[in-house]
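Summary of structural features
Given next are the chains, with one letter for each unit.
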Amino acid sequence: MKPLKKSGSGVNTYIVNANLVLPDQLVSDGSVVIRDGHIEAINPESAPHTKVIDLQGNYLLPGLVDLHCDAIEKDFEARPGVFFPPELAVKAADERNLMAGITTIFQSVAFDNGKGGVRSTERVVSLVHAVSNSHDTRVDNRIHARYEMPHEAGASALLALIDAGEVHLVSLMDHTPQENRSERKAAHMQMIESADIEKTAPSVPDYVDNIVQTVRKQGIPLASHDNDTPELAAFFYEMGANICEFPLNIETAKAAHASGMPTIVGAPNLLRGGSHMGALSAADAISEGAGDIVCSDYASQTLLPALLRLPSLIDIDLPAAVALGTRNPAYAVGLLDRGEIAVGKRADLIGVTQIENWPRLVAAWSAGRCVFRTM
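Anyway, here's the lowdown on the structure attached to this text. Per chain, the residues get numbers from 1 upward, laid out in the order the sequence is written. Since the coordinates come from a predicted model, pLDDT governs what is reported: local features require at least 70, and pairs of side-chain atoms require 80 or more to be given and counted, while whole-chain, interface and lining totals use all residues. The basis for the side-chain values is all heavy atoms of the structure; hydrogens and waters are excluded.

1. Looking at the sheet that holds strand β15 (residues 293-295)
Here eight strands make up an open sheet; going across it, the order is β6-β9-β10-β11-β12-β13-β14-β15 and the pairing parallel. Edge positions in the sheet fall to β6 (64-69) and β15, since each of these pairs with one other strand and no more. When the angles between neighbouring strand axes are averaged without regard to direction, this sheet yields 25°. Sheet analysis places strand β14 (residues 263-266) next to β15, joined by three bridges and oriented parallel. Looking at the pairing, Ile264 lines up with Ile293 of β15. Of the strands in this sheet, β10 (140-148), β11 (169-173) and β12 (222-225) are in contact with helix α6 (residues 206-218), which crosses β11 at around 155°. In this description, strands pair whenever DSSP reports at least two bridges between them. Helix and strand labels come from DSSP, where a helix needs a run of H or I of at least four residues and a strand needs a run of E of at least two; each type is numbered from the N terminus. Axis angles are defined between N-to-C directions and span 0 to 180 degrees, where every axis is a line fitted to C-alpha atoms and, for a helix, only to the segment in contact. Any two residues whose heavy atoms approach within 4.5 Å are treated as being in contact.

Right under this line is the structure:
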């Protein structure tokens, strides 16, 4: 995989008078030193040769890591058949994600020739290239490629993007009508029940298996999407998936979590008090220990308020709630350099205040570079 563009470290900074959200505790009147793009110290006695920024008692959190956000599709296709240049879509998404407190974003694009439009192969490829070639974004932009398994036409394009180092997470989906999907699922279940999984190739088309093998060879994380039975989650796990996106019920979420697959739930689900589809409640999944990661799904602006509101909804403290949108997603995709305020970690940080019970960004740093500040 090609290395991503690196942000400049900017001015060495001493952030003071902050309410720090550390991995396991809250620290009032805390301070952090940023040097050469990383966190050099927490609560030092002094920090010579740094620029001092007074956070005025506001929260200092790790920058959010969002593994699934497809809002960029609306920036590209504002109305059905109405397209803007993909470069403009990238700029619009970058501004929105920054203001949402997201410092690492996996822009979710879907290969689905059955629908066309923004999800046609040609347009998806152009959007991925626009993300890869953008040199003035203020947050770390990555690509989450969502692949609809029944549509073979996009397979070669996806493989080319993977080989070019432009894809950083792949998920496998099947959103065909339920009656058609049931036939494939029955075949999958029969294979699981009757075969030795370790010795039997997955019952999937060759072009899907080729994607899976390429992803595994290059060390790219693989997710399954919308699993509705524990058996289906197990099938994708044996196929190589190491993340379970949006399990549809608590039994599937628990099974995926128990197998070692972190489960992703949506921030809109948390804020709205449930799934718009009548599926699994994100709060229930987290409360029962089967919801490991919160993503913004289709609405960037929901992630930060959902995390901060979570302790009022279930029995969880603020550091643990924040970890669902920072450390947990970062670690799930192998980004061990970020996601928490700790010495040596990449200095992706956000300063946050509360206005009428809603969070508002007051400052943000990306790899140590101040990319937003109001104070």
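From this point on, the discussion continues.
2. Points about empty space enclosed by the protein
With a 1 Å grid laid over protein atoms only, a set of points is called a cavity when a 1.4 Å probe fits there but cannot get out and a pocket when it is open yet has protein on both sides within 12 Å along at least five of seven lines; lining residues have an atom within 4 Å of a point. Grid points are joined across faces, edges and corners, and a volume is the space filled by probe spheres set on the points. Within this structure, the stated rule accounts for two cavities of 30 Å³ or more. In this model, the second largest cavity occupies a volume close to 70 Å³. Broken down by element, the residue count for the lining of the second largest cavity peaks at three residues, all from helix α12 (residues 318-323). Note on residue categories: nonpolar means Ala, Val, Leu, Ile, Met, Phe, Trp, Tyr, Cys or Pro, charged means Asp, Glu, Lys or Arg, and polar means any other residue, Gly included. Looking at side-chain class alone, the lining of the second largest cavity contains eight nonpolar, two polar and two charged residues.

3. Looking at the side chain of Ser224
With respect to the helices, strands and loops of the structure, Ser224 is situated in strand β12. Dropping the residues within four chain positions of it, Ser224 is found in contact with Leu172, Phe236, Ala241, Ile243, Cys244, Glu245 and Met261.

4. Description of unusual backbone geometry
The phi dihedral of Asn17 falls on the positive side, at around 55°, and the residue is not glycine. Mapped onto the elements, Asn17 comes out in strand β1 (residues 13-21). With a relative accessible area of 28%, Asn17 lands in the partly exposed category. One non-glycine residue, Asn357, lies in positive phi territory at about 70°. Within the secondary structure, Asn357 sits in the loop between β16 (349-355) and β17 (358-366). Under the scheme applied here, a residue whose accessible area is under 20% of the maximum for its type counts as buried, over 50% as exposed, and between as partly exposed, the area being computed with a 1.4 Å probe on protein chains only. The class of Asn357 is exposed, set by a relative accessible area of 67%.

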